[in-house]
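Descriptive structure summary
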Amino acid sequence: MNTLSNIKIFGHLKQFNFLVNSYKKRFPHAWILSGEKGIGKRTFIKKFISCVLANDLFNTEIKIDICFTYDQLVSINKSFTTSVFEISNNPEDKGDLDAIREIISKIKLTNFSSKHNSYVLIDNFDDLSNNCQNALLKTIEEPPENTLIFLIAHNIKDVTKTILSRCINLRFNSLNKEEFMNFLSNKKFDKLEENFEKFFTFSHGNPGFFEKMINSNSIEIIKKIEEVINDKQIDHLKIKEMSEKFATDSEFFLRIVLSFFYIHTISILQANTNNIEL
């Protein structure tokens, strides 16, 4: 498990405040954090848990922009390690049933005499098989005392209805322009601000998708698409180069192509509108 640092959250303030207000009252024990992959749901819930742990340890306020001292982080990490049971399954293997059963056993043993909360955190929950999801059902219906369960789902339709009916669905959205600009600045992407509109539109305000664009050199692919469209003749070498890229991650690059044609179409429509004489 990675150690926690002063996690920075971009956006999702409404969701954070909703959790805080719920926590101060009667906190439901089972939650689904749903929304597009890459918008920061896992980072968000780790921030919330670390704030709650800090509140338990130091009586600090639970707020989204809090920064902890080094000594506080050492204590929070120690508490996180013993109280948070995390599964980040590989979407390709449809989950590990043994891992689910093991985590259920651990929280039962941990909470047998504990007065503090234990946390179950499962990422990519919607990629788990129905058997794996259903293995957690009884725990959700009859959770051990002081156990909070957070399930992260990118496609809520792939979560079984029985699980959905027993959890609070906290919906997350992509970042707006201001939040996305703060993300760029914080991540030291200042040099990209001149192309902010293009990056924001291509990534749909999704930080994870944007970072993948940068790391996979997708800007070059966008340039190739522009060249192919503008060329009067078909350049087979350019098309072959794009096809090879698609083969590495078809879903990712298809999204880039769709975004490109969306932007291109909007530009054409705006140009034609501006040329209309009234």
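Parameters at a glance
Residues numbered from 1 in each chain as written. Predicted model: local features only at pLDDT ≥ 70, side-chain atom pairs only at ≥ 80, totals over all residues. Heavy atoms only, no water. Buried < 20%, exposed > 50% of the residue type's maximum accessible area, 1.4 Å probe, protein only. Helix = DSSP H or I, 4+ residues; strand = E, 2+ residues; numbered from the N terminus. Pairing = 2+ DSSP bridges. Core = buried A, V, L, I, M, F, W, Y, C linked by side-chain atoms within 4.5 Å. Axes fitted to C-alpha atoms, helices over the stretch in contact; angles between N-to-C directions. Contact = heavy atoms within 4.5 Å. Arc of directions from axis to C-beta. Polar contact = N/O pair within 3.5 Å; in protein donor to acceptor, adjacent residues only side chain to side chain. Salt bridge = Lys/Arg side-chain N within 4 Å of Asp/Glu carboxyl O. Parallel < 35°, antiparallel > 145°, perpendicular 65-115°, else oblique. Left-handed = near helix turned anticlockwise from the far one by under 90°.

Some words on the pairing of strand β4 (residues 147–153)
The buried count for β4 comes to seven of seven residues, which makes it a mostly enclosed element. What you see with β4 is no split at all: Thr-147, Ile-149, Leu-151 and Ala-153 on one side and Leu-148, Phe-150 and Ile-152 on the other are buried throughout. Where strand β1 (residues 30–34) lies against β4, five bridges are found, and the strand directions are parallel. In the sheet register, Trp-31 faces β4, and the bridge partner there is Phe-150. Here strand β3 (residues 118–123) runs beside β4; their pairing, made up of five bridges, is parallel. Across the sheet, residue Tyr-119 finds its bridge partner in β4, namely Leu-148.

Section: the nonpolar core
Core analysis: the largest hydrophobic core is formed by 33 residues, its most contacted members being Phe-44, Ile-45, Phe-48 and Phe-150. For this core, the secondary structure elements donating two or more residues are α1 (13–24), β1, α2 (41–58), α3 (70–83), β3 and β4. In terms of residue count, the dominant contributor to this core is α2 (eight residues). Membership of the second largest hydrophobic core comes to 22 residues, among which are Ile-103, Ile-107, Phe-125 and Leu-137.

Quick look at the sheet that holds β1
Spatial strand order, β2-β3-β4-β1-β5: five strands in an open sheet with parallel pairing. One side of each edge strand has no neighbouring strand; the edge strands of this open sheet are β2 (84–88) and β5 (168–171). Each strand of the sheet is rotated relative to its neighbour by a mean of 15°, with strand direction disregarded. Judged from the five bridges that link them, β2 and β3 form a sheet pairing that is parallel. What sits directly across from Phe-85, in β3, is Val-120. Docked against the sheet, α1 engages β1, β4 and β5, running at close to 150° with respect to β5. Against the sheet, α2 touches β1, β2, β3, β4 and β5, its axis set at about 165° to β4.

Remarks on helix α8 (residues 177–186)
Taken together, the buried positions of α8 are Phe-180, Phe-183 and Leu-184. Along the long axis of α8, the arc covered by the buried residues comes to 100°, so they all point the same way. One side-chain oxygen at the N-terminal end of α8 lies 3.2 Å from the backbone nitrogen of Glu-178; it belongs to Asn-176. Of the residues one or two after α8, Lys-188 is the one with positive phi, at around 65°.

Focus on the pattern of salt bridges
Inspection of the entire model under this criterion finds five salt bridges. With a shortest N-O distance of 3.9 Å, Asp-123 and Arg-42 are connected by a salt bridge. One end of the pair, Asp-123, is in strand β3; the other, Arg-42, is in helix α2, with 81 residues separating them in the sequence. Three or more residues are tied together by salt bridges with common partners; here these are Arg-42, Lys-46, Glu-86 and Asp-123.

A closer look at the packing of helix α9 (residues 196–203) against helix α10 (residues 207–215)
It is the contact of α9 with α10, at a shortest axis distance of 9 Å, that shows an interaxial angle of 115°. Overall, the two elements α9 and α10 adopt an arrangement that is roughly perpendicular. For the crossing formed where α9 meets α10, the hand is right-handed. Touching Phe-199, Phe-202 and Ser-203 of α9 are Phe-209, Phe-210, Met-213 and Ile-214, all from α10.

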